[in-house]
Amino acid sequence: MSTTTTAEDEVRRPILTLVPQALAHRRLFLLTVLSGLLAHGLGIAAATLGAWLVGRAFIGEAEGLVRGFAIMMLLVAGAALAKWWQMWVAHDFAYQLLAGLRVQAFDGMERRAPGYLLGRRTGDVGGAVMADVETIEWFYAHTIADYVVAGLATVGAVIALAFFHPGLAVALAVVVSLLVTIPVWLSRRADRQGQRLRDELGGLSAEVVDGVQGLRELVSFGQGETYLRRLRDRTRALQSHQLAYGRRAGIEQSAADALLSIGFASILAGAAVLVTAGQLSLALLPVTVVLAATALAPVAEVTGTARSLGQIRASARRVFTVIRQRAQVVDRVTTPPGELTPRITFDDVSFSYTSDRSPALSGATFEIRPGETVALVGHSGAGKSTCANLLLRFWDVDGGAVRVGGRDLRDVPQHAVRELVSIVPQDVYLFHRSVRDNIRLGRPDATDEEVEAAARQARAHEFIARLPQGYDTTCGERAIQLSGGQRQRLAIARALLRDSPILILDEAVSNLDAENEEALQAAIRTVRKGRTTLLIAHRLSTIRSADRIVVLDRGRVVEQGTDAELRQAGGEYARLLHHQSLTAA
Ligand SMILES: Nc1ncnc2c1ncn2[C@@H]1O[C@H](COP(=O)(O)OP(=O)(O)OP(=O)(O)O)[C@@H](O)[C@H]1O
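Since the structure is predicted, the reported quantities are computational estimates derived from the model, not experimental observations. Here, residues in each chain are numbered from 1, in the same order as that chain's written sequence. Local features in this predicted model are restricted to residues of pLDDT 70 or higher, and side-chain atom pairs are both shown and tallied only at a pLDDT of 80 or more, whereas totals for entire chains, interfaces and linings draw on every residue. To obtain the side-chain values, all non-hydrogen atoms of the structure were included, while hydrogens and water were left out.

Visitor: I'd like a description of helix H1 (residues 14-23), backed by residues and values.
Guide: The cut-offs for exposure are 20% and 50% of the maximum accessible area for each residue type, with area from a 1.4 Å probe on protein chains only; residues under the lower value are buried, those over the upper are exposed, and the others partly exposed. A run of DSSP states H or I qualifies as a helix once it reaches four residues; a run of E qualifies as a strand once it reaches two. Both are numbered from the N-terminal end. Looking at H1, one finds that the buried residues are Pro 14, Ile 15, Thr 17, Leu 18, Gln 21 and Ala 22. Down the axis of H1, the buried side of the element spans an arc of 155 degrees, and every buried residue falls inside it. Of all possible arcs, the one meant is that of the directions from the helix axis to the C-beta atoms.

The structure is reproduced here in structure tokens:
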């Protein structure tokens, strides 16, 4: 039975899952912290020196002022350089991590393909991978190392202040401690709001992708206005979540600003009282003020970035849920099986996609001998595509076994299955690349000559030659559009290049014009030659061209034989013909 993403797969502490990823890039992380410390340290030193010089000037001690000023300018220049270095390494660190996360997320989806996409909308999936990964950039580039730097810089400033007066250091430590707790007060609400906001954004992106993909249907059924209304409703819902998020962030900001002002004013007042009481030299007053300010500034900065933690948490949760999904099919053997006779056996196979649905196959038994073509026929939903999915090991059977050359497919690693079996699907996906590269997907190291030879055999060369740039014409969603029959011929060329001994052919149901039809049938005849073929057929002419026919009904094999035998038997096949469930062409 197929497993879908469950609650256990959900990531419970998403921010903590981001940290080990950062530690995997230890060198860059340390450089980010180091550059941050240098930038802050030099900044604090420059400001403190400046304040000290002002203090001395105040009490009339002019000696060494010029030298001190020159040193201060050097420190300022050093701080600026260190800041630039910090931005550079922090972004290098973040982008390397994000690149890794994108690959891991794609890997997670591939591990569960195609089951993963069931029940999920493609816009939502794309959103999880791209937009959420982008949100995480903020954590790596502006948060994690900044927290470490802010912590160290603040502790340093408090210790330095303690040399001047311990009371002032204690007061500063109290203000800092209160400031850092602000995001914690509202963290639950921030988490909830961030989650809602990211979900709503994902939903909206899915809605837009849905609308664009189904534009033809919407327009032809006059439903454009209804769709726009739905979109408006979703946008309004998103807006209200954004407002709630903004309100809470505003409360945090105001609380932090108020605390910062009160805290700073108190320390200033305390220092002034100490000067009046003769416990602190007037010359040191500017230095204490600057130290307090330099301790508070980085803390205020990180509490600002902490306001984004709600969204970062939600994004990390979604990305890591994808990354950590369990594999749809697990290999229990990793060594390839060696050469297998391409004899396919479905032995009492039972399978359900999900536990809440009736079985797609129950006790299905049939065989395809080496080099033979067997057509699977049956009503829609009878289980034909499920047989193909199991033969490709997109899922594993629940009961019985699918065997190739007598070997249970569960004992053949998935990569070896993909070499053994290739498919010409009904809906051929073309990537936004050249026709040549799309064919080359069958065998990436094929030469141009081999690609062209495969296209000729697949009866695709002629229409490719008529395209604006021939084999270099870009195809796919955003480029030249090819007809269903032409796409299938490109897929046949792919399969010919792949040259696997077993072929699954899912015949296109759409009506093709006579020229396309003739070319496609010829291509199918070529690609079947010498291969064991499972044919999901809809046209009578194709069905008749098969060596044998297996008739499925509600997941069971109800009849097997040649076209003539089955007609004569007067069973399900004859009924399908009678009710014209099979296309006559
Ligand atoms: N990915 C899936 N998840 C859940 N149920 C599925 C999935 N694919 C198919 N089914 C269900 O399994 C049963 C068999 O479907 P299958 O696609 O194998 O039928 P089919 O004979 O190929 O139909 P068609 O000719 O319409 O393509 C159907 O009840 C279908 O709803």
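Right, picking up where we left off after that structure.
Visitor: Explain the nonpolar core residue by residue, including any values.
Guide: Residues belong to one nonpolar core when they are buried, are Ala, Val, Leu, Ile, Met, Phe, Trp, Tyr or Cys, and are joined through side-chain atoms within 4.5 Å. Of all hydrophobic cores here, the largest spans 42 residues; its most connected members are Ile 439, Ile 464, Leu 490, Ile 492, Ile 549 and Tyr 573. Among the elements that take part in this core, helix H17 (residues 484-498) stands out by supplying 7 residues, more than any other. Not counting chain neighbours up to four residues away, the residues in contact with Leu 490 comprise Leu 430, Val 435, Ile 439, Ala 460, Phe 463, Ile 464 and Leu 482. Counting 33 residues, the second-largest nonpolar core is a separate cluster that includes Ala 382, Val 397, Val 417 and Leu 534. Any pair of residues with heavy atoms lying within 4.5 Å of one another is described as a contacting pair.

Visitor: Mind laying out the pattern of salt bridges, listing which residues take part and the relevant values?
Guide: Just to be clear on terms, a salt bridge is a Lys or Arg side-chain nitrogen sitting within 4 Å of an Asp or Glu carboxyl oxygen. Evaluated as defined, the whole model comprises 33 salt bridges. In this structure, Arg 102 and Glu 134 form a salt bridge, with 2.6 Å as the shortest nitrogen-oxygen distance. In this pair, Arg 102 is assigned in helix H3 (residues 65-112) and Glu 134 in helix H4 (residues 122-142), connecting sequence segments 32 residues apart. In this structure Glu 134 comes out as partly exposed when scored by relative accessible area, which is 39%. Across the pair Asp 331 and Arg 393 runs a salt bridge whose closest N-O atoms are separated by 2.8 Å. Highlighted residues: Asp 331 in the loop between helix H11 (309-323) and strand E1 (344-351) and Arg 393 in the loop between helix H12 (384-391) and strand E4 (399-404), separated in sequence by 62 residues. For Arg 393, a relative accessible area of 1% corresponds to the buried category. Through salt bridges that share partners, Arg 436, Asp 437, Arg 440, Asp 448 and Asp 472 make up one connected network.

Visitor: Break down the packing of aromatic side chains for me, with residues and values.
Guide: Ring pairs shown here join Phe, Tyr and Trp side chains whose ring centres sit within 6.5 Å, with only the six-membered ring taken for Trp; geometry is labelled stacked below 30 degrees between planes, edge-to-face above 60, and tilted in between. All told, the structure shown has 9 aromatic pairs when counted by the stated rule. When the ring of Phe 93 is compared with that of Tyr 140, the centres are 6.0 Å apart and the planes differ by 75 degrees; the resulting orientation is edge-to-face. Taken together, the residues Phe 93 in helix H3 and Tyr 140 in helix H4 connect sequence positions 47 residues apart. Take Phe 93 and Tyr 140: they sit in the same class, and that class is buried.

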